[in-house]
Amino acid sequence: MDQPSTSNDFQQMHCHLLKTNFEKLFEEPFPIQAPIESLGQIVYASSYSVLSHSNAAVPIFTYANLSAQSLWELGWAEITTMPSYQSAREDSQRDRAELLTKVQQDGCSKSYSGVRISSSGKRFEIKNVYVWNLYQDEAYVGQAALFNEWVYVDSPTGGLHSDPRGQNESV
């Protein structure tokens, strides 16, 4: 998948897939509200971190918005060629694998928390994470995650971040 830009409507189709699967599985509105014609651009620039990975035996990230790229300290080309398991420290792999197996069986999970690691080694805990399966034409194509709260674990003050506008983002 190419980096979101004006030439591909900021991966509008993929963002629509994220949104429709989220709303179907969680039975609630997608937290990032936008007119359908600008959904891709708004998701890409959102303060929420949004990621998805493939359904391969070793899933590769297929999408990461600017917020997620910043957290993991990777550009589009690097993050979308990275196996998603590499986003978590070795000591967090079991919890991550259990979550993804549960989501694959149940369709979705919310309120997940777990420690992740950036490319430079910064550890951060992601909180209140939505994780859900992605289906396209009834076929399972991967999973996605969305969150807007994290704490830098190595920071003396913790560095809690959350969207100051609250739970909903809109145009």
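Just above, that's the structure.
Conventions we followed
- Residues numbered from 1 in each chain as written.
- Predicted model: local features only at pLDDT ≥ 70, side-chain atom pairs only at ≥ 80, totals over all residues.
- Heavy atoms only, no water.
- Phe/Tyr/Trp six-rings, centres within 6.5 Å; stacked < 30°, edge-to-face > 60°.
- Helix = DSSP H or I, 4+ residues; strand = E, 2+ residues; numbered from the N terminus.
- Pairing = 2+ DSSP bridges.
- Contact = heavy atoms within 4.5 Å.
- Salt bridge = Lys/Arg side-chain N within 4 Å of Asp/Glu carboxyl O.
- Buried < 20%, exposed > 50% of the residue type's maximum accessible area, 1.4 Å probe, protein only.
- Expected span 1.5 Å × (residues − 1).
- Arc of directions from axis to C-beta.

Please set out the packing of aromatic side chains residue by residue, giving values where relevant.
This structure, assessed with the given rule, holds 14 aromatic pairs. The interplanar angle of 80 degrees and the centroid separation of 5.3 Å between the aromatic rings of Phe22 and Phe30 together place this pair among those described as edge-to-face. Ring centres of Tyr44 and Trp76 lie 6.4 Å apart, and the angle between their planes is 75 degrees; this geometry places the pair in the edge-to-face category. Within this pair, whereas Tyr44 is found in helix H2 (residues 39-45), its partner Trp76 is found in helix H4 (residues 76-79), the two being separated by 32 residues in sequence.

Describe unusual backbone geometry, listing the residues and the values that go with them.
Here Gln11, not a glycine, exhibits a phi torsion of approximately 55 degrees, which is positive. Its place among the elements puts Gln11 in the segment before helix H1 (12-26). Of note, the phi angle at Glu73 is positive, near 55 degrees, even though the residue is not glycine. Along the chain, the position of Glu73 falls in the loop between helix H3 (66-72) and H4.

I'd love a proper account of the pairing of strand S3 (residues 108-117), names of residues and values included.
Looking at chain direction, S3 and strand S4 (residues 123-136) are connected through seven bridges and run antiparallel. Note that in S4 the partner of Arg116 across the bridge is Phe124. Taken together, S3 and the strand that follows it, S4, pair antiparallel across an intervening segment of five residues, in which Gly121 is found at a positive phi of about 95 degrees.

Break down the side chain of Gln69 for me, with residues and values.
As for its position among the elements, Gln69 is in helix H3. Beyond its immediate sequence surroundings of up to four residues, Gln69 is in contact with Tyr44, Ala64, Leu74, Gly75, Trp76 and Ile79.

Tell me about the pattern of salt bridges, and name the residues and values.
A full pass over the atoms with the stated rule returns five salt bridges. For the salt bridge of Lys19 with Glu23, the shortest nitrogen-to-oxygen distance reads 3.0 Å. On the criterion of helical spacing, the pair formed by Lys19 and Glu23 is a turn pair, its members being four residues apart in helix H1. Lys19 sits in the buried class, given a relative accessible area of 17%. Residue Asp106 is joined to Lys102 by a salt bridge in which the shortest nitrogen-to-oxygen separation is 3.0 Å. Here Asp106 pairs with Lys102, and both are found in helix H5 (residues 93-106), just four residues apart, close to one helical turn.

Tell me about H5, and name the residues and values.
Relative to the 20 Å expected for 14 residues at 1.5 Å per residue, H5 spans 20 Å between its end C-alpha atoms, a close match to the ideal helical length. Looking at H5, one finds that the buried residues are Arg96, Leu99, Leu100 and Val103. Along the axis of H5, the buried residues cluster in a sector spanning 95 degrees; they form a single face. Away from the buried face of H5 by more than 90 degrees, exposed residues Arg94 and Gln105 are located.

So far we have only geometry, and geometry alone does not tell us how the molecule works.
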